[in-house]
Amino acid sequence: MIQSFKALAGLPLAGSILNACVPETKKVIPGKLKGPDFKAGHLLRKALSVVPTQTETKDVVIIGGGISGLSAACWLKQNSDQDFCLLELEEETGGNSRGGKNAHTVFPWGAHYLPLPNNDLTELLAFLQENEVITGFNAAGLPIYRDECLCFDPEERLYINGHWQEGLVPNWGVPEADLKQINRFLELMAEMKQAKGTDGKFAFTIPISASSADENFRRLDKLTMAEWLIQNKLTSDYLHWYVNYCCRDDFGTDAKDTSAWAGIHYFAGRKAQAANTDPDRVLTWPEGNNWLAQRLRKPLEKHIRTGKLVYKVSLVKGNVAIDYLDIAQNTYHRILAGKCILATPQFVNERILNIQPEQGGNRNYKAFSYAPWAVANLALESPPAGRGVPLSWDNVVYGSKSLGYVLANHQQLQIYPENPVITFYLPLPDEDPAKARRMAYEKKQEDWAELILAELEKAHPFIRENVKNLDVWIWGHGMIRPSVGFIWGEEKAAAEKPVLDKIFFAHTDLSGISIFEEAFYQGIRAAQRMVEGKA
Amino acid sequence: MRISIQALLLFSVFVVATCGLVYELVAGTLASYLLGDSVTQFSTIIGAYLFSMGIGSYLSKYFNRNLIAWFIQIEVLVAVVGGSSSTLLYLLFDRVESFRLVLYLLVALTGILVGLEIPLIMRILKDRFEFKDLVSQIFTFDYIGALLASVVFPLFLVPFLGILRTSYLFGLFNAVVALVLCFYFNREIRWATYLKGTCVMAILFLMAGMVYSDKILAFTESLNYPDKIVYTAQSPYQRIVLTKNSHDYRLFLNGNLQFSSADEYRYHEALVHPGLNGIEKPEKVLVLGGGDGLAVREVLRYPDVKKVVLVDLDKEMTHIFTHHASLLDLNRKSLLSPKVTVVNADAFQWIKTNTEQFDFVVVDFPDPGNYSVGKLYTNTFYNQLKRVVAPGGQVVIQATSPFVAPNSYWCVVNTLQAVGFRTLPYHAHVPSFGDWGFVMATLEPGFKLEKEFLPELKFLNKATFEQMCVFPKDMPGKQTEVNKLNNQVLVHYFEKEWGKYLN
Ligand SMILES: Cc1cc2nc3c(=O)[nH]c(=O)nc-3n(C[C@H](O)[C@H](O)[C@H](O)COP(=O)(O)OP(=O)(O)OC[C@H]3O[C@@H](n4cnc5c(N)ncnc54)[C@H](O)[C@@H]3O)c2cc1C
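Each value, and the rule that gives it
Residues numbered from 1 in each chain as written. Chains lettered and ligands numbered in written order. Predicted model: local features only at pLDDT ≥ 70, side-chain atom pairs only at ≥ 80, totals over all residues. Heavy atoms only, no water. Core = buried A, V, L, I, M, F, W, Y, C linked by side-chain atoms within 4.5 Å. Buried < 20%, exposed > 50% of the residue type's maximum accessible area, 1.4 Å probe, protein only. Helix = DSSP H or I, 4+ residues; strand = E, 2+ residues; numbered from the N terminus. Contact = heavy atoms within 4.5 Å. Domains from an automatic or database assignment. Buried area = accessible area lost by both parts, 1.4 Å probe. Salt bridge = Lys/Arg side-chain N within 4 Å of Asp/Glu carboxyl O. Nonpolar A, V, L, I, M, F, W, Y, C, P; charged D, E, K, R; others polar. Polar contact = N/O pair within 3.5 Å; in protein donor to acceptor, adjacent residues only side chain to side chain. Pairing = 2+ DSSP bridges. pLDDT = per-residue confidence, 0-100. Disulfide = S-S within 2.5 Å.

## Regarding the nonpolar core
- One finds Ile62, Leu128, Tyr145, Phe185, Trp228 and Leu283 of chain A to be the most contacted residues of the largest nonpolar core, which totals 105 residues.
- No other element matches the 9 residues that helix α8 (residues 237-251) of chain A contributes to this core.
- In this view, Phe185 of chain A contacts Met225, Trp228, Leu229, Leu234, Leu239, Val243 and Phe267 of chain A; residues no more than four positions away in its chain are not counted.
- With 79 residues, the next largest nonpolar core counts Val16, Leu106, Leu157 and Tyr184 of chain B among its residues.

Take a look at the structure:
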């Protein structure tokens, strides 16, 4: 009797508890490891000595199909009748604004949003209007943005003290003293937004080059953002986390390695106003800024050649010789062009630009350093939830090394987006970026998957079971690092100087901060200089 | 410091007694909550519980060896069964035919286990006390425990922890006592490792239960309805529950009442006829949402209507309203009419790609209680809506209660106006909902309303409708923001206003 009672009640119960609690063998998450410039470095070295026999001529060649290259090409197409082509190493244009897709949705691999652009950026507003992101202007001249492109509500949430709060500025369970400091900081930033230098220009604006030259502000480039906070008696841990998060978000660097000028620019550079939304909004699309890259590319189809690795740019009898490898065909080609725009980062230029020092080839590339990034796209069974504010576009975990994740399906009009994809952003800041890069290249997909899940599990303990696929993209040289002294230093200024009025430079690393607007204006400015001989 | 064995065991008597009574109270409370009639529920449950304790006491004589180990084992079982009992009851309430049987089985099981414990402990302690002291001590602690439980249960536990968490918490107490005993009697008991293992697992399980009790509750609450459930289905989007009592059917989506068959005619007449009856020869009608076919039923009263397109996301919904006999009676087989095309699609996606125009459009979406549904009330959606209205056509939108949620209601009105619709707000009293609001909208300079209403209608006539267009002094129109994808103000208004109303 007792035995059977035990068998009936005790064992099955104990057994089922056992089953429920013993951890199953961890689910392995399928996925791929991707990234640019794996093969490129290798091919570059191999090709360097080859002199192509096939030669063609062009008025202009643009190298690099990122935002700056595409924007240079667009400007050229609209404002000149020069015969030009654009050479891009990858199979797709877009550069850091690349996108990907699975069977259900598109998603970003890099840049994913554009904050409302400042109202004096006429060319950018015109581009947005051509592509119906701006549908018109109101009586006061303020742009009306298409609702589908403005980030839907809820926009941002922060997981802090066990709860998802609205917005990213910490407030849930944050002590009064910290809140005060955070407010003081935000007030200071609001002042900086409107601050003008003695030359009448905004202290912080976009493009960076239009900012005031007033030493009072430029001086801020000589200290770090972390030092600036301390100098201003802003010591709250919550505030420091937030500012650090912002530095990582925009620059891929920690506040302690970021120029205070750049750090403040993040908060003070943007002063947009719009007719139909409050100013702190962003424009975004399921595929992120790749949407913009596609629109930039559209009028250029005939001019774009992808899968072409430029390995040497040199001066040959008064022309610019651009030597490239057609990766698919494995053939070598030379274009002799009157002029050329290098819309490639300086670490690439260092290898391909073959110019004598006296002709302007003497450049200090060492000053340019880049923060590596890992970006992962996770295909999920169902949307991740949690206590507090529901799933938002941008979902950040307080205290995490990562920047959290963005829901790619957020801008879809579907009521219940199925097969959600989240894009997880992990900057890999380090005082020594080369070391961080080496470490990043050593990791396998499984390693990234574990690392990323560990971060996500802080807010979503059971997310592993929810992940169908996890692809990772490693950006070895993701973003230029605005380290102390870089933005207003000599090296950067020297690097953007054209060579003999024949070779021009456009890339966000010449701005010192990697954002869409800078890339867009880098391209325009280089093209303008080239055609109009403008400074 | 080693606590005396007696003190420890007496303390466990105290815990056992407290927990036992708490489980009993939990069962009683849940039974009266779920089944109603609290006097009957409480007295039968207390009876069953005490009787089961008797069975347990009787059975205790069959335990002859390893008494401490058995005691610990039973303690763990009590922890798990008692701790999870409320969750089980919640979960099984609308799943099993004879819920009562499950209820009493659980009560009996807990009772038997608790009933086993006291005699076992008396026997464990029998050589350590004088008999008179033993009896006096044990029963003292037993009754003190019972007193404590009966006082804290209504005063603190239910209001502050809720039923689910309370049972898990007391389960945890049981399990922790078991674990402490394991360590204390480490050398004396058999199967020590196994017992410790089960203790730890029980503790983990119960802690998980505590942590997730909110989630469990949210899920189980949605399963509980006052009436008999005659149909349930879980679609990818919502849980559909149909209940029945002596005079009506009720449909719940995710626990929210959609209609009661007793007064739905008021809602659907008010929704359809004012906008439709003024239109000269309405040939094509579009219904967005409304997979129950009740709005379509009203539309089909107009012989001029040649084609009705119904777009509802949820296949399950349109399935039950084309298959369930009593529901077919209710919607008069409207969805089976050859004039009607049912499209199961996301309304936002559908409307973006649709090129057809309709003379009359009924927009009958669920209330904007979350950001997903909120998208269907935005200016972006209404801009799309403009494209599907034929020249001379009219639209009607259900827009929650202007009495309970005035900002929400007028936000819908203002958003429609912002995209260029002319609006006519009106409201009707639907007993099971309260004062409910609708908005008629058109792109024409004026509304077409002049005609008489169909005589067969049960609720509406011209005079009634004229009254419905009047908003009394305590329900004036309101200035609100326009609802947009990037502000979703309507969801915020709605949460605030209904939240206040329900609390
Ligand atoms: C992870 C990540 C997230 C980001 N998020 C944002 C964001 O949300 N918002 C934002 O505004 N900005 C963001 N950025 C910044 C982004 O870099 C810029 O917005 C912009 O895309 C930079 O464009 P670019 O043209 O200056 O540079 P790149 O994108 O670097 O373009 C350079 C191009 O040159 C090509 N190339 C390189 N070498 C050769 C060669 N030898 N031959 C031919 N072609 C070559 C490359 O393939 C590439 O296409 C992000 C960057 C990263 C890495």
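## Section: the domain arrangement of chain B
All names here are of chain B.
- In terms of domains, chain B is made up of domain 1 (5-221), domain 2 (226-258) and domain 3 (262-502).
- Between domain 2 and domain 3, the C-alpha centre-to-centre distance is 21 Å.
- At the junction of the two partners, domain 2 supplies 14 residues and domain 3 supplies 12 residues.
- It is Tyr231, Tyr237 and Tyr249 that lose the most area in domain 2 upon contact with domain 3, and together they represent 34% of the buried surface on that side.
- For the pair domain 2 and domain 3, the interface holds 0 salt bridges.
- Sorting the residues of the side of domain 2 that touches domain 3 by element identifies β1 (228-234), β2 (239-244), β3 (249-253) and β4 (256-260) as the ones contributing at least two each.
- Here the residues of the side of domain 2 that touches domain 3 sort into 9 nonpolar, 4 polar and 1 charged.

## A few points about unusual backbone geometry
Residue and element names in this part refer to chain A.
- Cis peptide bonds are those with omega within 30 degrees of zero, and the linkage from Asp153 to Pro154 qualifies with -5 degrees.
- Here the bond from Ile206 into Pro207 is cis, since omega is -5 degrees, no more than 30 degrees from zero.
- For Pro207, the location among the structural elements is in the loop between α5 (176-194) and α6 (215-218).
- Here the phi dihedral of Lys317 falls at roughly 45 degrees; this positive angle occurs in a residue that is not glycine.
- With respect to the secondary-structure elements, Lys317 resides in the loop between β13 (308-316) and β14 (319-326).
- Owing to a relative accessible area of 80%, Lys317 belongs among the exposed residues under this scheme.

## Some details on the environment of Val531 of chain A
Residues and elements named next belong to chain A.
- Examined against the element boundaries, Val531 turns out to sit in helix α16 (residues 516-532).
- When the C-alpha atoms of Val531 and Leu76 are compared, they prove to be 8.1 Å apart, with 455 residues separating the residues in sequence.
- Not counting residues within four places of it along the chain, the set of residues in contact with Val531 comprises Trp75, Leu76, Ser80 and Gln82.

## Some thoughts on the interface of chain A and chain B
- Facing the 33 residues of chain A at the interface are 38 residues of chain B.
- Buried surface at the junction of chain A and chain B, both sides included, amounts to about 3200 Å², of which 69% is carbon and sulfur.
- At the boundary of chain A with chain B, the tally comes to 10 residue pairs in polar contact (both at pLDDT 80 or more).
- Per-class residue counts for the side of chain A that touches chain B are 20 nonpolar, 6 polar and 7 charged.

## Concerning the sheet that holds strand β1 (residues 33-34) of chain A
All names here are of chain A.
- Ordered in space as β1-β21-β17-β20-β19-β18-β9-β10, the 8 strands form an open sheet in which the pairing is mixed. Two strands lie at the open edges of the sheet, namely β1 and β10 (163-166), each paired on one side alone.
- When strand β17 (residues 370-380) meets strand β20 (residues 421-427), the two strands line up antiparallel, connected through 7 bridges. Of the residues in β20, the one forming a bridge with Ala374 is Leu426.

## Focus: the confidence of the model for chain A
- Considering every residue of chain A, the mean pLDDT works out to 90; 94% of them sit at 70 or more.
- Scored below 50 in pLDDT, residues 1-24 of chain A makes 27 contacts in the model with residues more than four places away or belonging to other chains.

## As for the state of the cysteines
- A complete count under the given rule lists 0 disulfides over all chains for this structure.
- Distance from the sulfur of Cys151 of chain A, which forms no disulfide, to the nearest cysteine sulfur (Cys149 of chain A) is 11 Å.
- Take Cys151 of chain A: its relative accessible area is 0%, and that puts it in the buried class.
- With no disulfide of its own, Cys411 of chain B has Cys151 of chain A as its nearest cysteine by sulfur position, at a separation of 19 Å.

## Observations regarding helix α14 (residues 379-388) of chain B
Residues and elements named next belong to chain B.
- Along α14, 7 of the 10 residues are buried, which leaves the element largely enclosed by surrounding structure.
- Those residues of α14 that fall on the buried side of the exposure criterion are Asn379, Thr380, Phe381, Tyr382, Gln384, Leu385 and Val388.
- Structurally, α14 contributes buried residues whose contacts are with β5 (284-289), α12 (347-353), β8 (358-364), β9 (389-398) and α15 (406-418).

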